[in-house]
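Chain by chain, the residues run as shown.
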Amino acid sequence: MAYLLGVVVLVLGVLVSIGLHEIGHMVPAKRFGVRVSQYMVGFGPTLWSRTKGETEYGLKAIPLGGYVRLVGMYPTAEAVGDPPARTTFGKIAAQAREASAQEILPGEDHRAFYRLSTPKKVVVMLGGPFMNLLIAIVLLTVVISGFGVAASSTTLSAVSQCVIPAGADASRECGTGDEPAPGAAAGLQPGDTVIAYDGVEVTGWDQLSALIQQTGDRTVPIVVERDGDEVATTVTPVVAERPVYEDGVAVTEPDGSPVTHEVGFLGISPSTELQTQPVSTVPGVVGNAVAQTLGVVVTLPARVADVAQSAFGSAERDESTIISVVGVGRFAGEIASADAEGFGTVERVASMLTLLASLNIALFAFNLIPLLPLDGGHVVGALWEGARRQIARLRRRARPGPFDTARLVPLAYGVFVLLAGMGALLIYADVVNPVTLG
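What you are looking at is a predicted structure, and each value in this text was computed from that prediction instead of being measured. (Residues numbered from 1 in each chain as written. Predicted model: local features only at pLDDT ≥ 70, side-chain atom pairs only at ≥ 80, totals over all residues. Heavy atoms only, no water.)

Student: Where do I start with the overall build of the protein in this structure?
Tutor: Across its full length, the protein carries 11 helices and 12 strands. Its C-alpha radius of gyration of 30 Å places the protein more than 25% over the 22 Å reference for a compact globule of 438 residues. Across its three principal directions, the C-alpha atoms of the protein cover 90 × 55 × 50 Å. Residues counted as buried form 39% of the 438 residues belonging to the protein. In the protein, of all internal contacts separated by at least 6 residues, the share reaching a separation of at least 24 is 65%. For the protein, the accessible area works out to roughly 23,900 Å², and carbon and sulfur atoms hold 59% of it. Between the centroid of the 30 positive side chains of the protein and the centroid of its 41 negative side chains there is a distance of 27 Å. (Helix = DSSP H or I, 4+ residues; strand = E, 2+ residues; numbered from the N terminus. Rg over C-alpha atoms; globule rule 2.2 N^0.38 Å. Buried < 20%, exposed > 50% of the residue type's maximum accessible area, 1.4 Å probe, protein only. Contact = heavy atoms within 4.5 Å. Areas by Shrake-Rupley, 256 points an atom, 1.4 Å probe, with all protein chains shown as cover. Lys, Arg positive; Asp, Glu negative; His and termini not counted. Charge placed at Lys NZ, Arg CZ, Asp CG, Glu CD.)

Here it is as structure tokens:
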């Protein structure tokens with residue numbers, strides 16, 4: 001039931017995200033005078049609809065997208081010189097122009113989308129993706145500054161009984177010849193919260209870790225909170241060799257052996273807890289997430305090829321691979337049903353909100369691809385139209401008519417087929433060789 005609940009919550013979150021994406025298109029379009037005939041969440045058969053004013057609002061059966069119908073998306077044949085339709089592609093473009101023109105009511109040609117200026121077209125088309133980005137910012141702000149992010153705390157989760165030599169198996173049992181760990185010798189216990197070390201008030205694990213490493217083998221006072229009482233004692237760290245890490249990766253010698261350095265060692269481990277962060281940290285987190293997602297979009301063909309190899313061959317599925325809605329649903333179910341110590345309701349909610357934020361960032365980045373039928377394709381068409389007009393103005397020539405975006409409809413059909421094929425491949429891969437949360 002918990003797994004199913006997670007999937008349901010995700011589906012609802014996706015529907016809300018899609019609905020808000022389309023509102024991002026609809027609101028500026030209406031503000032600029034464009035008639036919006038339909039606002040639909042989903043595709044396929046209509047489950048429910050209601051007309052308010054001049055717009056029909058509705059919910060369709062397949063919750064994998066949505067659309068707003070902006071009247072006059074393509075210029076009429078008259079507006080682009082009534083080009084002849086001699087080729088198959090020309091006939092497709094002509095049909096697109098005719099279908100678009102039929103939506104324009106008598107006397108309302110001025111309310112057609114193609115009549116908008118370039119800046120207004122760009123605002124309308126980017127309104128959807130930037131709505132997804134705004135959703136992600138709000139969700140991540142709630143997570144980071146409301147629930148907090150997982151971080152090491154000064155409460156001890158474990159106290160080692162002996163000093164494990166560098167290079168030895170850290171999970172092995174202590175032997176008779178092993179040196180006792182200073183933390184255990186000083187009487188520290190799991191659940192203790194370190195509040196002062198060597199006379200310095202402790203506010204975080206990174207600070208405490210640095211203090212311990214700098215102590216060497218001096219005997220220093222330490223104060224912990226245990227069961228609501230302060231317990232003061234002394235501890236004498238040992239100097240131990242530990243691997244050197246850079247950006248979370250162990251540094252190695254040319255022969256592959258680890259690079260080590262001597263540091264003070266107590267043999268204590270931190271527990272992990274959610275710690276709230278200031279709102280000022282949100283832009284950095286969002287920027288990093290957007291940059292990583294855009295990097296995925298740029299390398300999308302190669303990543304799709306990798307997925308195909310793992311789905312139909314013997315290659316293992318990379319944990320950083322792209323996934324389908326099935327994979328995202330699996331993640332949501334695993335988050336909701338995870339049975340792990342310290343992963344309670346608050347952690348589940350925070351993880352689910354983070355997943356939805358990541359999904360919205362993906363929608364933002366994906367829709368910026370400069371190909372029709374994606375929003376980025378419409379933006380490119382508008383920018384090209386604007387560039388032609390500016391060049392004509394600089395050359396003191398007559399203002400050119402609207403760019404005939406209907407000629408790009410055959411390309412849009414091809415892109416749609418490719419996207420559908422990619423979606424089917426990802427769904428298949430997520431069924432036969434799924435990626436699961438660790």
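Moving on from the model shown.
Student: Just to check I follow, could you spell out a nonpolar patch on the surface for this structure?
Tutor: On the surface, Phe43, Ile62, Leu64, Phe312, Val325, Val326, Ile427, Tyr428, Val431 and Val432 cluster together to form a nonpolar patch covering roughly 900 Å² of accessible area. Every element with two or more residues in the nonpolar patch is listed here: strand S2 (55-70), helix H8 (325-337) and helix H11 (409-432). At four residues, H11 tops the list of elements feeding residues into the nonpolar patch. Considering the arrangement of structural elements, one finds valine 326 in helix H8. A residue is classified by how much of its surface remains accessible, and valine 326, at 32% relative accessible area, is partly exposed. (Patch = residues over 30% accessible without salt bridge, like charges linked within 9 Å, V, L, I, M, F, W, Y side chains within 5 Å. Salt bridge = Lys/Arg side-chain N within 4 Å of Asp/Glu carboxyl O.)

Student: Hey, could you run me through the packing of helix H6 (residues 282-298) against helix H7 (residues 300-312) in this one?
Tutor: For any two helices packed against each other, one specifies the crossing angle of their axes together with the interaxial distance. In the contact formed by H6 and H7, the axes pass within 5 Å of each other and the chain directions differ by 75°. As judged from the angle between their axes, H6 and H7 are roughly perpendicular. Contacts from Val296, Val297 and Val298 of H6 reach H7 at Leu300, Pro301 and Arg303. Across the contact of H6 with H7, the residue classes tally to five nonpolar, no polar and one charged. (Axes fitted to C-alpha atoms, helices over the stretch in contact; angles between N-to-C directions. Parallel < 35°, antiparallel > 145°, perpendicular 65-115°, else oblique. Nonpolar A, V, L, I, M, F, W, Y, C, P; charged D, E, K, R; others polar.)

Student: What is the right way to look at the pairing of strand S6 (residues 220-226) in this model?
Tutor: On any regular strand, side chains alternate: one points to one face of the sheet, the next to the other face. Side chains Val220, Ile222, Val224 and Arg226 project from S6 onto a buried face, and the interleaved Pro221, Val223 and Glu225 project onto a face without burial. Where strand S4 (residues 193-197) and S6 come together, four bridges link them in antiparallel fashion. Note on S6: the bridge partner recorded for tyrosine 197 is isoleucine 222. Bridging between S6 and strand S7 (residues 229-235) involves seven bridges; their strand directions are antiparallel. Note on S7: the bridge partner recorded for valine 224 is valine 231. In this antiparallel pair of consecutive strands, S6 and S7, the connection spans two residues, and aspartate 227 shows a positive phi of 55°. (Pairing = 2+ DSSP bridges.)

Student: What should I look at first to understand the nonpolar core in this one?
Tutor: The nonpolar side chains of a soluble globular protein tend to be buried, and buried together. Judged by nonpolar contacts, the single largest core of 42 residues is most densely connected at Leu10, Leu70, Phe113, Val124 and Leu355. Counting residues per element, the ones that place at least two in this core are helix H1 (2-31), strand S1 (36-52), S2, helix H3 (118-147), H6, H8, helix H9 (345-367) and helix H10 (375-394). The dominant element in this core, judged by the number of residues it contributes, is H3, at 10 residues. When near neighbours in sequence (up to four residues on either side) are disregarded, leucine 10 contacts Val328, Gly329, Ala332, Leu355 and Leu356. Core analysis: the next-biggest nonpolar cluster, separate from the first, contains 17 residues, Val159, Leu188, Leu211 and Val235 among them. (Core = buried A, V, L, I, M, F, W, Y, C linked by side-chain atoms within 4.5 Å.)

Student: What's the story with the environment of glutamate 22 in this structure? I'm lost.
Tutor: Secondary-structure assignment places glutamate 22 in helix H1. Glutamate 22 gets classed as buried once you look at its relative accessible area, which sits at 6%. Each C-alpha atom, one on glutamate 22 and one on methionine 125, is 9.9 Å from the other, the two residues being 103 residues apart in sequence.

Student: Quick question: what am I supposed to make of the packing of aromatic side chains here?
Tutor: Any pair of aromatic rings gets described here by the distance separating the centres and the angle formed by the planes. In this structure the tally under the stated criterion is four aromatic pairs. Between tyrosine 39 and tyrosine 57 the ring centres are 5.7 Å apart and the planes differ by 50°, which places this aromatic pair in the tilted class. Pair noted here: tyrosine 39 is in strand S1 and tyrosine 57 is in strand S2, with a separation of 18 residues, a long-range link. Between phenylalanine 312 and tyrosine 428, the aromatic rings sit 5.1 Å apart at their centres with planes inclined by 15°, giving stacked as the arrangement. (Phe/Tyr/Trp six-rings, centres within 6.5 Å; stacked < 30°, edge-to-face > 60°.)

Student: Looking at this structure, I do not really get the packing of H1 against H9. What am I missing?
Tutor: The interhelical angle for the contact between H1 and H9, taken along N-to-C directions, is 40°, at an axis separation of 11 Å. In the crossing of H1 with H9, the sense of the turn from one axis to the other is right-handed. Packed against H1, whose contacting residues are Gly6, Val9, Leu10, Gly13, Val14, Ser17 and His21, the element H9 presents Met352, Leu355, Leu356, Leu359, Asn360 and Asn367 at the interface. Residue composition of the contact of H1 with H9, by class: seven nonpolar, six polar and no charged. (Left-handed = near helix turned anticlockwise from the far one by under 90°.)

Student: Honestly, the side chain of aspartate 430 in this entry has me stumped. Any pointers?
Tutor: The residue aspartate 430 is located in helix H11 in this model. Residue class for aspartate 430 comes out buried when judged on its relative accessible area of 1%. What aspartate 430 contacts, discounting residues up to four positions off in sequence, is Arg317, Ile323, Ser324, Val326, Gly327 and Arg330.

Student: Got a minute to help me understand the pattern of salt bridges in this structure?
Tutor: Pairing between side chains becomes possible if they bear opposite charge and their charged atoms approach one another. Enumeration over the complete set of coordinates arrives at 11 salt bridges. Across the salt bridge formed by aspartate 109 and arginine 115, the nearest N and O atoms sit 2.6 Å from each other. Aspartate 109 gets classed as partly exposed once you look at its relative accessible area, which sits at 25%. In this structure, arginine 317 engages aspartate 430 in a salt bridge whose closest nitrogen and oxygen atoms are separated by 2.9 Å. You can see arginine 317 sitting in the loop between H7 and H8 and its partner aspartate 430 sitting in helix H11, a full 113 residues away along the chain.

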